[in-house]
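Below, each chain spelled out in residue letters.
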Amino acid sequence: MLGLPDSVHVCLFDLDGVLTDTASVHRAAWKNTFDPVLDKHGQQPFTDDDYAQYVDGKPRMDGTRDFLRSRNLDIPEGGKDDGPDDETVHGIAARKNDEVLAKIAKDGVKVYPGSRRYLEAAQQAGLRRVVVSSSANTEQVLRVTGLDAYLEGRVDGKTIEEQGLQGKPAPDSFLAGARLVDAAPDTCAVFEDATAGVQAGHRGKFGFVVGVNRIDAHHAADLAKQGATVVVDDLADLLEGDA
């Protein structure tokens, strides 16, 4: 009834864009953060394609570095104590985090109804459930939305930093999620909306990779190309009778 093979006993869910509509919040925050930097250097504004290609699904520092590198901008690395006003990689990343927190505080967080239904169904079916996100704000979002009631464990941006894990598209964070419930990768399904996350699921040799397309047909094709076993527009599409 869940659209998964019988061999899958664990669900590893990305957060932003899969369970919650925070991907749009992150996209807007990245744009508000990068556009002043780009304008200062005489470059064109940050685009949706930039978001999808360079920052979506990645830890904040990785996304910051990768995007700046794509524009050939040589910004000093700085350090962890840099604030949002510092023109360093750490400062820009801090600015982006402040933008996200402000947007969440102002507008709240929307949960996709189909995702909540799927979580409930997975819980009732006895599948293990872990969230695996690059966001350092995962715990706050889960608490605000009440999704923490459906999940048994969490691997997030803080975990990635504390354990020295490589971010997506490396499979490290999903493998850490599987370890939380003592599961082998081939018994786990990965649920991802970002191409970097789908790549991580494919590279980790997980049993099933669900690509969640919230954008357009072009993105759906990219998810399939990067290794998604199946691509859906909403997790409810996987539920029996909803396909």
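Scroll up to find the structure this text is about.
Residues numbered from 1 in each chain as written. Predicted model: local features only at pLDDT ≥ 70, side-chain atom pairs only at ≥ 80, totals over all residues. Heavy atoms only, no water.

## Considering the overall build of the protein chain
Scanning the protein chain from terminus to terminus reveals 10 helices and six strands. Taking 243 residues into account, the globule formula puts the C-alpha radius of gyration at 18 Å, and the protein chain, at 17 Å, falls close to it. For the C-alpha atoms alone, the extent of the protein chain along its principal axes is close to 55 × 35 × 35 Å. Considering only residue pairs separated by 6 or more positions, the protein chain has 62% of its internal contacts joining residues 24 or more positions apart. Carbon and sulfur atoms form 45% of the exposed surface of the protein chain, whose accessible area is close to 11,000 Å². Of the side chains in the protein chain, 27 bear a positive and 41 a negative charge, and the two mean positions are spaced by 1 Å. (Helix = DSSP H or I, 4+ residues; strand = E, 2+ residues; numbered from the N terminus. Rg over C-alpha atoms; globule rule 2.2 N^0.38 Å. Contact = heavy atoms within 4.5 Å. Areas by Shrake-Rupley, 256 points an atom, 1.4 Å probe, with all protein chains shown as cover. Lys, Arg positive; Asp, Glu negative; His and termini not counted. Charge placed at Lys NZ, Arg CZ, Asp CG, Glu CD.)

## Focus: the pattern of salt bridges
All chains considered together, the criterion is met by 15 salt bridges. A salt bridge links lysine 168 to aspartate 14, with the nearest nitrogen and oxygen atoms 3.2 Å apart. In this pair, lysine 168 is assigned in the loop between α7 (157-163) and α8 (172-180) and aspartate 14 in the loop between β1 (10-13) and α1 (22-40), connecting sequence segments 154 residues apart. Across the pair, aspartate 14 and lysine 168 agree in class, each one buried. Salt bridges here are not isolated pairs; linked through shared partners, they connect Asp14, Lys168 and Glu192. (Salt bridge = Lys/Arg side-chain N within 4 Å of Asp/Glu carboxyl O. Buried < 20%, exposed > 50% of the residue type's maximum accessible area, 1.4 Å probe, protein only.)

## Concerning helix α4 (residues 89-107)
Across its 19 residues, α4 extends 27 Å between first and last C-alpha, which sits within 8% of the 27 Å expected from 1.5 Å per residue. Listing the buried residues of α4 in full gives Val89, His90, Gly91, Ile92, Ala93, Ala94, Arg95, Lys96, Asn97, Val100 and Ile104. The elements touched by buried residues of α4 are α1, α3 (60-70) and α6 (138-145). Glycine 108 sits one or two residues past α4 and shows a positive phi near 75°. (Expected span 1.5 Å × (residues − 1).)

## Notes on the nonpolar core
In terms of nonpolar packing, the biggest core is built from 33 residues, with Leu4, Phe13, Leu19, Tyr118, Phe191 and Leu235 touching the most fellow members. Ranked by residue count, the leading element in this core is helix α5 (residues 113-124), at four residues. Beyond its immediate sequence surroundings of up to four residues, phenylalanine 191 is in contact with Leu4, Cys11, Leu12, Phe13, Asp14, Val18, Tyr118, Val210, Leu235 and Leu238. If you look at the next biggest cluster of nonpolar residues, it comprises 20 residues, including Val130, Val132, Leu165 and Phe206. (Core = buried A, V, L, I, M, F, W, Y, C linked by side-chain atoms within 4.5 Å.)

## Examining unusual backbone geometry
Going from lysine 168 to proline 169, the amide bond is cis rather than trans, its omega being 20°. By secondary structure assignment, the location of proline 169 is in the loop between α7 and α8. Here asparagine 72, not a glycine, exhibits a phi torsion of approximately 55°, which is positive. Tracing the chain through its elements places asparagine 72 in the loop between α3 and α4. Of note, the phi angle at aspartate 182 is positive, near 55°, even though the residue is not glycine. Structurally, aspartate 182 is set in the loop between α8 and β4 (188-192). For aspartate 182, a relative accessible area of 75% gives the class exposed.

## Remarks on the packing of α1 against α3
Interaxial distance between α1 and α3 falls to 12 Å at its minimum, and their mutual angle equals 35°. Read as a crossing pair, α1 and α3 show a hand that is right-handed. When α1 is examined against α3, the residues Trp30, Phe34 and Leu38 are found in contact with a partner set consisting of Arg60, Gly63, Thr64, Phe67 and Leu68. Classifying every residue of the contact of α1 with α3 by side-chain character gives five nonpolar, two polar and one charged. (Axes fitted to C-alpha atoms, helices over the stretch in contact; angles between N-to-C directions. Left-handed = near helix turned anticlockwise from the far one by under 90°. Nonpolar A, V, L, I, M, F, W, Y, C, P; charged D, E, K, R; others polar.)

## Let's talk about the sheet that holds strand β6 (residues 230-232)
Spatial ordering of the open sheet is given by β3-β2-β1-β4-β5-β6, a layout of six strands whose pairing is parallel. Two strands close off the open sheet at either side, each with one partner strand: β3 (153-155) and β6. Looking at each pair of strands side by side, their axes are set apart by 20° on average, direction ignored. One ladder, built from four bridges, connects β1 with β4; its direction is parallel. By the bridge assignment for β4, valine 10 is matched with cysteine 188. (Pairing = 2+ DSSP bridges.)

Any functional reading would require information that these geometric values do not contain.
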